[in-house]
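Residues per chain, in single letters:
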Amino acid sequence: MRLVESGGGSAQPGNSLTLSCTAVGFTYINYYIGWLRQAPLKEREGVSYIRSLDESTYYADSVKGRFTISRDNAKNTVYLQMDNLSPEDTGTYYCAADIDGEAWLIGSFAKVFVWGQGTPVTVSS
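Procedures and definitions
Residues numbered from 1 in each chain as written. Predicted model: local features only at pLDDT ≥ 70, side-chain atom pairs only at ≥ 80, totals over all residues. Heavy atoms only, no water. Helix = DSSP H or I, 4+ residues; strand = E, 2+ residues; numbered from the N terminus. Core = buried A, V, L, I, M, F, W, Y, C linked by side-chain atoms within 4.5 Å. Buried < 20%, exposed > 50% of the residue type's maximum accessible area, 1.4 Å probe, protein only. Phe/Tyr/Trp six-rings, centres within 6.5 Å; stacked < 30°, edge-to-face > 60°. Lys NZ or Arg CZ within 6 Å of the ring centre and 35° of its normal. Salt bridge = Lys/Arg side-chain N within 4 Å of Asp/Glu carboxyl O. Disulfide = S-S within 2.5 Å. Pairing = 2+ DSSP bridges.

*Asks:* Residue-level account of unusual backbone geometry, with values.
*Replies:* If you check the backbone angles, Asn76 has positive phi at about 55° while not being a glycine. Inspection of the secondary structure assignment puts Asn76 in the loop between strand 7 (67-72) and strand 8 (77-82).

Below is the structure:
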């Protein structure tokens with residue numbers, strides 16, 4: 001059971017990047033799956049999740065209107081489209097699967113049962 005991430009990299013402010021996260025060895029449909037990020041010297045914070053069972057989504061206030069999460073159930077893959085990037089979006093992005101969404105909602109990681117390897121995103125001019 002693992003999450004395999006791809007995408008990310010470097011971008012200039014205002015540009016876009018797309019992250020992908022593929023679930024291997026399990027199906028994510030019943031769980032909360034998405035990304036958290038950690039900037040240097042800062043705590044890990046929830047960015048966005050999607051729950052396929054009821055199509056619910058979550059976005060942190062800092063990314064609302066700029067990031068879009070989506071999924072392809074046939075590929076067992078979730079995507080994060082990041083538009084209008086700013087330097088404040090710089091950090092390592094971790095895909096995660098959680099039982100109840102608390103990793104994003106209250107910052108509790110106790111029920112995260114699998115993490116991706118992390119992918120760096122750098123936004124600078």
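From this point on, the discussion continues.
*Asks:* Please provide a residue-by-residue account of the nonpolar core, values included.
*Replies:* With 27 residues, the main nonpolar core has Leu3, Ile33, Trp35, Phe67, Leu80, Met82 and Tyr93 as its most contacted residues. Those elements that place two or more of their residues in this core are strand 3 (17-24), strand 4 (32-38), strand 5 (45-51), strand 7, strand 8, strand 9 (91-98) and strand 11 (119-123). Among the elements that line this core, the one with the most residues is strand 3, at four residues. Tyr32, Leu36, Ala96 and Ala103 belong to the second largest nonpolar core, which has seven residues in total.

*Asks:* Break down the packing of aromatic side chains for me, with residues and values.
*Replies:* The full count for this structure, using the stated rule, is seven aromatic pairs. Taking the centre distance of 5.4 Å and the plane angle of 75° together, the rings of Tyr49 and Trp104 count as edge-to-face. Of this pair, Tyr49 sits in strand 5 while Trp104 sits in helix 1 (residues 102-105), and the two are 55 residues apart along the sequence. The class of Trp104 is buried, set by a relative accessible area of 4%. Ring centres 5.6 Å apart and planes at 80° place the aromatic pair Phe109 and Trp115 in the edge-to-face group. Here the aromatic cluster, defined as three or more aromatic residues joined through ring pairs, consists of Tyr32, Tyr49, Tyr58 and Trp104. The aromatic ring of Tyr94 is capped on one face by Arg44, whose charged end is 3.9 Å from the ring centroid. It is Arg44 that lies over the ring of Trp115; its NZ or CZ is 4.7 Å from the centre.

*Asks:* Any details on the pattern of salt bridges? Residues and values, ideally.
*Replies:* Per the counting criterion, the structure on display carries seven salt bridges. Here Arg51 ties to Asp54 by a salt bridge, and the two come within 3.1 Å at their closest N and O atoms. Between Lys64 and Asp61 there is a salt bridge, with the nearest N and O atoms lying 3.1 Å from each other. Residues Lys64 and Asp61 agree in their burial class; the two are exposed. Here the salt bridges do not stand alone but share partners, grouping Arg37, Glu45, Arg66 and Asp89 into one network.

*Asks:* Give me the state of the cysteines: which residues, what numbers.
*Replies:* Two cysteines form a disulfide when their sulfur atoms are joined by a covalent bond. In total, this model carries one disulfide according to the counting rule given. In this model Cys21 forms its disulfide with Cys95; the gap between the sulfur atoms is 2.0 Å. Between Cys21 and Cys95 the disulfide shows an S-S torsion of about -85°. By sign, it is left-handed. One end of the pair, Cys21, is in strand 3; the other, Cys95, is in strand 9, with 74 residues separating them in the sequence. With respect to burial, Cys21 and Cys95 carry one shared label: buried.

*Asks:* How would you summarise the pairing of strand 4 if you had to cite specific residues and measurements?
*Replies:* Buried residues dominate strand 4, accounting for six of its seven residues. Here strand 4 runs beside strand 5; their pairing, made up of five bridges, is antiparallel. Its bridge partner being in strand 5, Ile33 is matched across the sheet by Ile50. Where strand 4 folds back onto strand 5 in an antiparallel hairpin, the turn is made up of six residues, including Leu41, whose phi is positive at roughly 70°.

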